[in-house]
Number of protein chains: 2
Amino acid sequence: MDITHIMNNFLQPQSVALIGCTRKTGEYSMNILEHLLAYAYSGKLYPVNPNAGEILGIKSYPSIGAVPGQVDLAVISTPRELVPSQLEQCAARGITSAIIVGQGFKDSGDSAGSGLHKQISETVRTRGIRVIGPNTFGTANGFINFCSAFVRFTLAPNPVGIICQSGTFFNGFPEFTLLGKCLDLGNNCDIDFEDGLAYYENDPQVRVIGLHIEGMKNPRIFIDTARRVARKKPIVVLKTGRNAQAARAMQSHTGSLAGDSIIWDAALKSAGLITVYSLEEFFDTIRMFSVTPLMKNNRVAIATFSGATGILTMDALQNSGIDISPLPTAIQQKLEKMAPPWLHVSNPVDYWPIMMGHSDMATAMRDIMDTLLSNEHFGALIVTQGASTRPAGERLLQFLNYLATRYPQKPVISAIAGTYNMEYITAMQKDGRHAGFPSPERAARAIANLWRYSRLFA
Amino acid sequence: MDITHIMNNFLQPQSVALIGCTRKTGEYSMNILEHLLAYAYSGKLYPVNPNAGEILGIKSYPSIGAVPGQVDLAVISTPRELVPSQLEQCAARGITSAIIVGQGFKDSGDSAGSGLHKQISETVRTRGIRVIGPNTFGTANGFINFCSAFVRFTLAPNPVGIICQSGTFFNGFPEFTLLGKCLDLGNNCDIDFEDGLAYYENDPQVRVIGLHIEGMKNPRIFIDTARRVARKKPIVVLKTGRNAQAARAMQSHTGSLAGDSIIWDAALKSAGLITVYSLEEFFDTIRMFSVTPLMKNNRVAIATFSGATGILTMDALQNSGIDISPLPTAIQQKLEKMAPPWLHVSNPVDYWPIMMGHSDMATAMRDIMDTLLSNEHFGALIVTQGASTRPAGERLLQFLNYLATRYPQKPVISAIAGTYNMEYITAMQKDGRHAGFPSPERAARAIANLWRYSRLFA
């Protein structure tokens, strides 16, 4: 069976069998069917449970063999002992794609777990059925309201494709849900990173790819695939298990071997991937790429509402590859004409005292940004501002959206302080034109990652 | 005049003159009086404006000399040329404490600015009046609803004392407002870090002190004072201007010389201060100290809802001084009795599969945490969990508050993922018993800083 078709069944299923679907409902029940109904998933659903005639008003079947019609995807949530036989029955039924949810296989400490893992691998090898997992939430697709996790999450049609080895990546952050599209490989006994990458490569709904890697079977094949895909779409990678103790813990998480983190780092970078080193940098970089154009050069202007914030931004940009270039004469002269005579205008541009000298401060602020953006000199602009009140946040939202519309080819990001910063950063991200960050350091890291990719592929 | 009394007038004023108070009101007007009325500040207010009989219903005076009765504090917001004469009039009026708001003094590029700066210093020297600023928002006190900034902020009675050189620190973050008490030194032409430190040292409302330092006049006096105060209260320091370009920018911000960052780092650490390197680490560390007890040893248990999150936490704790110690036999055996037979129980404790095997999952989770906390072995616990829905966040809030009440002497912090994490982290911080963080890396940095202080002074 063609891998694209198989991956399509995993990520874009139109009919799903839920093998081992519980009859319990409500809080704590971990009922996947209940979640799918709540998401308003519109595909066909076939619960399989020998003890139920129907679950939540949906007809239930005693076995996967009894389910009529096409089944694109089977989600197997039975206790671990039953998994090999259920997978066999799925294969016999002609199903191409199965998610194995449960734990206690390669991730367990016992020999029974290893034995069950081997049985699954054998079925995959001999019957051609392909498996995601075990030990996984499976897949999610915010464009069709589908998610196979037994925990309730928030889905959204974001242009993001995630491949991870933990359900924690289904969580997202308040300012941006990653679901988007998501593939949780769990123990990756079969479907692996290269399969997901190749699928996202040609998926027009995916603009940026995020990978959470603990370990994998074929790093060489992965790197070859990633090198090719990175030319088309930015790939952001969080490789974990960087210290020896964490690497040992990983073996009992997904049964992965971490490998040497220095070698991994070098290989990922040489393939043109954007390596990141914290969960926040991972999310921040992905949500920036989802809305921000690439940089044409590494010269960045900083327009700051506060001298101290400009300095924090500069501190954070040290050794980042970003050039906080002096202002070209034309820009310098234009800004000095607007500024009070005592102000020394330079980059970072402290726009507050410039604005304060004008009766129409909003127009002055627009003129300052226009001066910095309408010139080819700068490859990007970082704006810092505060949202200490809702009206301030609302004005900023409108202003940054205006800049994004006026300069669609020029990257503008912002660092927003204040009590309401998260509220308006979230609103901006939802509007899909501008990425804001709650600190100058996070904005600096994001723009540095934008340049790392732009330098290679813009 | 006694410095304690002077600092009290700055931070706890009962009567305030607003010199140069604008008649404009509403958005963009930057009217300090309007903000103070909105905060419901209950002290006496005396606007001084030669062109107004009253402002916002409050009687206005033509000059500071015309104001009757006691004036604890003068806030001078006139154009820079008028500042020296206004300061003189304040001194003549017997006022001990004045905030100079405006820019264009030592921070300016021109000789007029330097001249004005000298005049102010001369008045301070000869007349005994003490000055905060110029180029400052002044002071804030969330316990009495006072803030001298011309921008509206959110105040709260948090046990935090800030000393900074930028109004951006008045912003706070959504999960925690720093205001608290705050002293913005601006160009620190007179009142400096050591004065603020000495005041907070004996202020029973202040439990943790945060410093944002660009530069200062007397580093030696500051370090001596800080060394003494640090024994009583944790002092968290963000020293900026770490790169050469930023250091140059600082001269035009507050007129400060950055000094060598390596020497600063060594001096701050040797005095027992907690150095931090980003705005987020600054806020995170302060809000943790505001609610978390000190650690008795550096052994930390990690109770994680996700194997991957446990690994991210371990990665982030590398070289932090924290020991992710193996479980003592008694704890190991107790947890193994609760766990499914295939689970290899170790630290980090993957509590999800343990919980899942119990019909009453809430009780199982409590028993797991009790097992880790009721033993003297661990100096602290990090809990990771998700708040992907509001009910999940609500349960977590109640659970972590319960742990804080049950184990008041044992530090517990959390890393919370999910769409609703910020909402519940904010609610927890407001309850004042538990500090949660939106990523394992930020939780790891906070606990490492807790240990840095505990090791010296617990």
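What you see is a predicted model, and the numbers here were worked out from it, not measured in a lab.

In this section: the interface of chain B and chain A. Taken together, the contact pairs 71 residues of chain B with 71 residues of chain A. Summing the contributions of chain B and of chain A, the shared interface buries around 5900 Å²; its carbon and sulfur component is 60%. Of all residues in chain B, Ile311, Asp315 and Trp342 of chain B bury the most surface against chain A, accounting for 11% of the area lost on that side. Along the contact surface separating chain B from chain A lie two salt bridges. A salt bridge links Arg442 of chain A to Glu280 of chain B, with the nearest nitrogen and oxygen atoms 2.7 Å apart. The interface formed by chain B and chain A holds 16 residue pairs in polar contact (both at pLDDT 80 or more) in total. The greatest single-element share of the side of chain B that touches chain A, amounting to seven residues, is contributed by helix α10 (residues 307–317) of chain B.

All names here are of chain B. The geometry of helix α6 (residues 219–230) relative to helix α8 (residues 261–270) is characterised by a closest axis approach of 9 Å and an angle of 30° between their N-to-C directions. What the angle tells us is that α6 and α8 run roughly parallel. Listed contacts from α8 to Pro219, Phe222, Ile223 and Arg227 of α6 are Trp264, Ala267, Leu268 and Ser270. Class assignment for the residues of the contact of α6 with α8 results in six nonpolar, one polar and one charged.

Below, the discussion takes up the confidence of the model for chain A. Looking at chain A as a whole, its pLDDT mean stands at 94, while 98% of the residues score no less than 70. Prediction confidence for the complex, expressed as pTM and ipTM, is 0.93 and 0.91 respectively.

Time to look at helix α4 (residues 111–127) of chain B. Residues and elements named next belong to chain B. Between the first and last C-alpha of α4 there are 24 Å, a value that for 17 residues agrees with the 24 Å anticipated at 1.5 Å per step. Buried residues of α4: Gly113, Leu116, His117, Ile120, Thr123 and Val124, and no others. For α4, the angular spread of buried residues about the axis comes to 120°, placing them on one side. Summarising the geometry of α4, the exposed residues directed more than 90 degrees from the buried face are Ser111, Lys118 and Arg125. Taken together, the buried residues of α4 touch α3 (83–92), β6 (97–100) and β7 (130–132). Among the residues of α4, the N-terminal cap falls to Asp110, whose side-chain oxygen and the backbone nitrogen of Gly113 are separated by 3.0 Å. In the segment just after α4, Gly128 is the residue with positive phi, at about 80°.

Time to look at the relation of the copies chain B and chain A. Superposition of chain B onto chain A requires a rotation of 180° combined with a translation of 0.0 Å along the rotation axis, giving an RMSD of 0.0 Å. Taken together, the rotation and translation describe the operation of a two-fold axis. By C-alpha distance to the rotation axis, the residue of chain B lying nearest is Met422 of chain B, at 4.3 Å. Of the residues that chain B buries at the interface, 100% are likewise interface residues in chain A, meaning the two copies contact each other through the same surface.

Attention now goes to the sheet that holds β6 of chain B. By definition, the strands of a sheet pair up through backbone hydrogen bonds, in either a parallel or an antiparallel sense. Residues and elements named next belong to chain B. Overall, parallel pairing links the five strands, which are arranged β2-β1-β5-β6-β7 in an open sheet. With partners counted over all chains shown, the strands left at the sheet margins are β2 (44–48) and β7, one partner each. Between one strand axis and the next, the sheet turns through 20° on average, direction left out of account. Strand direction decides the pairing type here: strand β1 (residues 15–19) and β2, joined by five bridges, are parallel. Paired with Ile19 across the bridge in β2 is Val48.

Residue and element names in this part refer to chain A. Reading across the sheet, the seven strands line up as β9-β8-β11-β10-β12-β13-β14 and stay open at both edges, with mixed pairing between neighbours. The open sheet has two free edges, formed respectively by β9 (146–147) and β14 (274–276), since each of these has just one partner strand. Pairing of strand β10 (residues 160–164) with strand β12 (residues 208–213), which is carried by four bridges, proceeds in the parallel orientation. By the bridge assignment, Val160 is partnered in β12 with Val208.

Reading guide: rules and limits
Residues numbered from 1 in each chain as written. Chains lettered and ligands numbered in written order. Predicted model: local features only at pLDDT ≥ 70, side-chain atom pairs only at ≥ 80, totals over all residues. Heavy atoms only, no water. Contact = heavy atoms within 4.5 Å. Buried area = accessible area lost by both parts, 1.4 Å probe. Salt bridge = Lys/Arg side-chain N within 4 Å of Asp/Glu carboxyl O. Polar contact = N/O pair within 3.5 Å; in protein donor to acceptor, adjacent residues only side chain to side chain. Helix = DSSP H or I, 4+ residues; strand = E, 2+ residues; numbered from the N terminus. Axes fitted to C-alpha atoms, helices over the stretch in contact; angles between N-to-C directions. Parallel < 35°, antiparallel > 145°, perpendicular 65-115°, else oblique. Nonpolar A, V, L, I, M, F, W, Y, C, P; charged D, E, K, R; others polar. pLDDT = per-residue confidence, 0-100. Expected span 1.5 Å × (residues − 1). Buried < 20%, exposed > 50% of the residue type's maximum accessible area, 1.4 Å probe, protein only. Arc of directions from axis to C-beta. Least-squares fit on C-alpha atoms with pLDDT ≥ 70 in both. Pairing = 2+ DSSP bridges.

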